[in-house]
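Listed below, chain by chain, are the residues.
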Amino acid sequence: MLHKEKRNVIVGQSGGPTAAINSSLAGVYRTARDRGYKKVYGMIHGIQGFMEGRYVDLSEHITNGLDSELLKRTPSAYLGSCRYKLPEIHEDEELYKKIFKMLDDLEIDCFIYIGGNDSMDTIKKLSDYAIVTGSEIRFVGCPKTIDNDLALTDHTPGFGSAAKYIGTSVKEIIRDGWSLETEHGQVVVVEIMGRNAGWLTGSSALSKGEDCDGPDAIYLPELPFDVDAFVEKVKGLLAEKSSVVVCVSEGIRTEEGKYVCELDNYNDYVDAFGHKQLTGTARYLCSLLSKEIGCKTRAIELSTLQRAASHCASRVDILEAYEVGGAAMKAADEGDSGKMVVMKRLSDDPYQMGTEVKDVHKIANDERLVPREWITEDGTYVTNEFITYVRPLIQGDVAPVMVDGIPRHLYKPGFQELL
Ligand code: F6P
């Protein structure tokens, strides 16, 4: 039975940040206020910070419409994020008791968590514990990840803006390569995030159009990467043109399952979910090419830039992220728990999207990869179907609020010290 009088909401952000995650936060906040909740608390650094008693009353931070507009244009997780894996309930029930006591003390009715597949594990476990204990708190997930690898949803907020930045930057890199003639040719290898899913790397093909041929080859992590075949492919390309641009996913692996970035001087940092930090693929491939072919190379790791580039955000993405935040709040308000909001594409042209909710147990810890049929037969490019799928998600712009020539972000004196 739901409480007759609405009390409070708590919202957290978790996992890798994006250019759109704060727009979802703004959507949760606005909807909670519109639906009559008294306070909206924000967890500082997600569930990890909350367990340490770190949270804020968001109404002290989002005080007017301008704050909300700036929040939508501010990259990174405004509240701070975490990569924290809750133990199984039977492993540490005391911890769950502690979390629920804290939530009860704050008179929380709805708990909204904005995150990716690992973060949905938190919603899954907390909503399971609520059932076991008969707690009436509703736990709902709001999807977010540039990787676009969440199950059961057409796409994830954050992906469209990162894809737009990648398509734009790769086009600029290709253009730059045209300008100089280099003896033996030049190869640029662009390394793109996405872990084991190639949605972002495939989006480099968005650079292709009337005025640009697009990258010369694209390697996704869904297929094994053959290092020798790669060198041969680049040799062939250099025989035809002097400037070659190849896009590779940070997560490409050899037939034996070894990440290419592990083939050389590997950085062995692993997070709480057991994910290795993937970095250095482009650097490794560039040194290999210069050794094997003797050409000039340049390794470009788009790294943080691709998920923080709110100056190049997609309008569709920022608006959808806001809507999805609102939909998560609405679902919790109407009694859903143990669910995540998913996006349902109604049509490509005109592009139309709706939302519904799905069982988080079918989403947490799963990875949705690029289907084989959206990768070309030879495994070195994406198909037109892939492009048709991504193109609507990168449409439109969100003009940054420029101050002294630089985009303005939401900044509240004193808040940064809480992070
Ligand atoms: O999960 C999103 C993501 O951006 C991945 O694409 C990437 O592998 C990872 O985060 C990097 O995370 P971090 O910044 O914590 O190293």
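Note: the structure precedes this text.
Here the structure is a predicted model, which means the values were calculated and not measured.

Scoring rules and cut-offs
Every chain is numbered independently, its residues counted from 1 as its sequence is written. Only residues with pLDDT of 70 or above have their local features reported here, since the model is predicted, and side-chain atom pairs are shown and tallied only from 80 upward, although totals for entire chains, interfaces and linings are computed over all residues. Excluding hydrogens and water, the side-chain figures rest on all heavy atoms present in the structure. Only DSSP runs of H or I reaching four residues or more are called helices, and only runs of E reaching two or more are called strands; each is numbered from the N terminus. In this analysis, the expected span of each helix is defined as 1.5 Å times one less than the number of residues it contains. Each residue gets one of three labels from its accessible area relative to the maximum for its type: buried under 20%, exposed over 50%, partly exposed in between, using a 1.4 Å probe on protein chains only. Read the arc as the range of directions from the helix axis to the C-beta atoms. To count toward a patch, a residue needs a relative accessible area over 30% and no salt bridge; like charges are then connected within 9 Å, while nonpolar side chains (Val, Leu, Ile, Met, Phe, Trp, Tyr) are connected within 5 Å. All accessibility values rest on the Shrake-Rupley procedure with a 1.4 Å probe; residue burial counts only the protein chains present in the view. A carboxyl oxygen of Asp or Glu within 4 Å of a side-chain nitrogen of Lys or Arg is what we treat as a salt bridge. Residues scored as positive are Lys and Arg, those scored as negative are Asp and Glu, and His as well as the terminal groups of each chain are ignored. For charged residues, the charge sits on one atom: NZ in Lys, CZ in Arg, CG in Asp, CD in Glu. Note on pairing: two strands pair once DSSP finds at least 2 bridges between them. Whether a crossover is right-handed depends on one test, that the path from the first strand over the helix to the second runs clockwise when the strands point away from the viewer. Side-chain atoms within 4.5 Å are what join buried Ala, Val, Leu, Ile, Met, Phe, Trp, Tyr and Cys residues into a set we call a nonpolar core. Axes, fitted as lines to C-alpha atoms, cover a helix only where it is in contact. Angles between the N-to-C directions of the axes lie from 0 to 180 degrees. Note on contacts: a residue pair qualifies if any of its non-hydrogen atoms lie within 4.5 Å across the two residues.

**Student:** How would you summarise helix H4 (residues 93-105) if you had to cite specific residues and measurements?
**Tutor:** For H4, spanning 13 residues, the distance from its first C-alpha to its last is 18 Å, which sits close to the expected 18 Å at 1.5 Å a residue. Leu95, Tyr96, Ile99, Phe100, Met102 and Leu103 are the residues of H4 that are buried. Relative to the axis of H4, the buried residues are bounded by an arc of 155° and lie together on one face. Exposed residues pointing more than 90 degrees away from the buried face of H4 are listed as Glu94 and Asp105.

**Student:** Any chance you could break down a negative patch on the surface for me, citing the residues and the numbers?
**Tutor:** Side chains of Asp226, Asp228, Glu255, Glu256 and Glu292 sit close together on the surface and give a patch of like negative charge. Mapped onto the secondary structure, Asp228 falls in helix H8 (residues 227-240).

**Student:** Describe the pairing of strand S4 (residues 108-115), listing the residues and the values that go with them.
**Tutor:** Two faces, one strand: in a regular strand the side chains alternate between the faces of the sheet. Within S4, eight of the eight residues are buried, which leaves it mostly tucked inside the rest of the structure. Relative to S4, strand S1 (residues 8-13) runs parallel, the two sharing six bridges. Its bridge partner being in S4, Ile10 is matched across the sheet by Phe111. With six bridges connecting them, S4 and strand S5 (residues 138-143) associate as parallel partners. Paired with Ile114 across the bridge in S5 is Cys142. For the handedness criterion, the β-α-β arrangement of S4, helix H5 (residues 117-133) and S5 is classed as right-handed.

**Student:** Could you give me a rundown of the nonpolar core, with the residues and numbers involved?
**Tutor:** Core analysis: the biggest nonpolar cluster contains 35 residues, and Phe159, Val190, Trp199, Leu200, Phe386 and Val390 have the highest contact counts within it. Contributions of two or more residues to this core are made by helix H6 (159-178), strand S6 (186-192), helix H7 (199-202), strand S8 (243-249) and helix H12 (384-390). Here the element with the most residues in this core is H6; it accounts for seven residues. Ranked by size, the runner-up nonpolar core spans 34 residues in total, among them Val9, Tyr37, Ala327 and Ala328.

**Student:** Tell me about the sheet that holds strand S9 (residues 296-301), and name the residues and values.
**Tutor:** With parallel pairing, four strands are arranged side by side in an open sheet as S7-S8-S6-S9. Of all the strands in the sheet, the pair left with one neighbour each is strand S7 (217-219) and S9. Taking each pair of neighbouring strands and ignoring which way they run, the sheet shows an average axis angle of 15°. One ladder, built from seven bridges, connects S6 with S8; its direction is parallel. Bridge pairing links Ile192 to Ser249 in S8.

**Student:** Kindly report on the sheet that holds S4, identifying the contributing residues and their values.
**Tutor:** Remark on secondary structure: sheet strands pair via backbone hydrogen bonds, oriented parallel or antiparallel. Strand order across the open sheet formed by seven strands is S3-S2-S1-S4-S5-S10-S11, with mixed pairing between neighbours. Looking at which strands have only one partner, the edges of the open sheet turn out to be strand S3 (55-57) and strand S11 (351-359). Each adjacent strand pair in this sheet contributes to an overall mean axis angle of 25°, direction not counted. With respect to the sheet, helix H1 (residues 21-34) is in contact with S1, strand S2 (39-43), S4 and S5, its orientation differing from that of S1 by roughly 175°.

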